[in-house]
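# Observations on the three-dimensional arrangement
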Amino acid sequence: MRALTVERYGDKNGVRASDVLAPEVGANDVLVLIRAASVNPLDRMIRDGEMKTILPYRVPFVLGNDLAGVVVEVGTAVTRFAAGDEVFARPDKDRIGTFAELIAVHQDDVAIKPATLTMEEAASLPLVALTSWQALVERAHVQPDQKVLIHAGSGGLGTIAIQLAKQLGARVATTTSTANVDLVKRLGADVVVDYKKQSFETALHDYDVVLDSLGGETLEKSLDVLKPGGKVISVAGPPDAAFARELGANPIIRLVMSALSFRIRRRARRRDVTYSFLFMKASGDQLRELTPLIEAGKIRPVVDTVFPFESAREALEYLEAGRAKAGKVVVRMT
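Quick summary incoming for the structure in this document. (Residues numbered from 1 in each chain as written. Predicted model: local features only at pLDDT ≥ 70, side-chain atom pairs only at ≥ 80, totals over all residues. Heavy atoms only, no water.)

Glancing now at the sheet that holds strand E13 (residues 226-234). Strand order in the open sheet formed by six strands is E11-E10-E9-E12-E13-E14, with parallel pairing between adjacent strands. Both outer strands of the open sheet, strand E11 (191-194) and strand E14 (274-277), are each paired with one neighbouring strand and no more. Averaged over all adjacent pairs, the angle separating strand axes in this sheet is 15°, with direction ignored. Relative to strand E12 (residues 207-212), strand E9 (residues 147-150) runs parallel, the two being bridged by three bridges. Bridge assignment links isoleucine 150 to a residue of E12, and that residue is leucine 211. (Pairing = 2+ DSSP bridges. Helix = DSSP H or I, 4+ residues; strand = E, 2+ residues; numbered from the N terminus. Axes fitted to C-alpha atoms, helices over the stretch in contact; angles between N-to-C directions.)

As structure tokens, then:
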């Protein structure tokens, strides 16, 4: 089958379309004919070897973390799905490879595709929708009338997180560029900070939760907008010891991750707030929780551009160069 593979780390030219063996189907797996797969910043980080400590994939491997498609075969222990089902999923971190014609995914990580969505729209959702759910519902326990700041509101994660936070009853602020102010307002943002004209850390205060997807200086400044007891949850900041424990990492890796996040955690403690790193987990159950909101139009996917599979490498470079105007970049499989 055709697939987009990483042949060597750290090199754009090390990614190419290849012929690879079709996946084996385990007892609890569903074999999915992929119709569409979306591109995430995580794909670029994996390609460049930035995640090797956490995700030590052995080259060559197939890239891609989101999919929508049709079940063509089920394992002997599968009870939830049958051939012909239209599904969407974010495969487990140890079983990525959605830029391909076929993938075998554990049934626990798969959900029936929302009937109201195209394959391309459905493929844009799993990773960012699960990240939003795990940050705002599981980690932050957002309650009605709490104040939530979501950075990069026009990005793939931001567009979904804004909508979910509003469904949780939060008062939502976001940062974006001038060109996307109207978009994030339509998605539900109550307060919009145009970062080209204003500094969010001076405009906002007494927030309960910050969802950070930018890291660096933005993460540091985010501590200043929280009220005492507030939480900043980052998908782009340094990993912490709690994440290392979740991974089941050895003591040395735990120590390294704790050291990487020591500075931001110390600064957070001094401000009586908390910092945590989030690396989302695959979950078919959580996708099923989100599906009614999607089918009711309460959460709407935002797709920037759709590339054919033959241009999958260009799709990755398009996202990396910051050319996407809003939402997700999607690859349509043929």
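Let us look at the packing of helix H3 (residues 126-139) against helix H4 (residues 156-167). Two packed helices can be described by the angle between their axes and the distance between those axes. One can describe the packing of H3 onto H4 by two numbers: an axis separation of 9 Å at closest approach and a directional angle of 50°. Taken as axis vectors, H3 and H4 run oblique relative to one another. Read as a crossing pair, H3 and H4 show a hand that is right-handed. Each of Val128, Ala129, Thr131, Ser132, Trp133, Leu136 and Val137 in H3 lies in contact with H4, whose residues at this interface are Gly156, Leu157, Ile160, Ala161, Leu164 and Ala165. Here the residues of the contact of H3 with H4 sort into 10 nonpolar, three polar and no charged. (Parallel < 35°, antiparallel > 145°, perpendicular 65-115°, else oblique. Left-handed = near helix turned anticlockwise from the far one by under 90°. Contact = heavy atoms within 4.5 Å. Nonpolar A, V, L, I, M, F, W, Y, C, P; charged D, E, K, R; others polar.)

We now examine the environment of alanine 22. Within the element layout of this structure, alanine 22 appears in the loop between strand E2 (15-19) and strand E3 (29-39). Contact partners of alanine 22, with chain neighbours within four places excluded, come to Met1 and Leu102.

Further remarks concern the packing of H3 against helix H11 (residues 284-295). Two elements in contact, H3 and H11, have axes whose closest approach is 10 Å; the angle formed by their N-to-C orientations is 90°. In terms of orientation, H3 lies roughly perpendicular with respect to H11. Between H3, through Pro126, Ala129, Leu130, Trp133, Gln134 and Glu138, and H11, the contact on the second element is made entirely by Gln286, Leu287, Glu289 and Leu290. For the contact of H3 with H11, a count of residues per class yields six nonpolar, two polar and two charged.

Turning next to the packing of aromatic side chains. What describes a pair of aromatic rings is the distance from one ring centre to the other and the angle between the planes of the rings. As enumerated under the stated definition, the model contains five aromatic pairs in all. When the centroid spacing of 5.9 Å and the interplanar angle of 45° are considered together, the rings of phenylalanine 243 and phenylalanine 279 count as tilted. You can see phenylalanine 243 sitting in helix H8 (residues 241-247) and its partner phenylalanine 279 sitting in the loop between E14 and H11, a full 36 residues away along the chain. Note on phenylalanine 243: relative accessible area 3%, which makes it buried. Here a set of aromatic residues connected by ring pairs shows up, and it is made of Tyr9, Tyr57 and Phe61. (Phe/Tyr/Trp six-rings, centres within 6.5 Å; stacked < 30°, edge-to-face > 60°. Buried < 20%, exposed > 50% of the residue type's maximum accessible area, 1.4 Å probe, protein only.)

None of this, on its own, says anything about what the molecule does.
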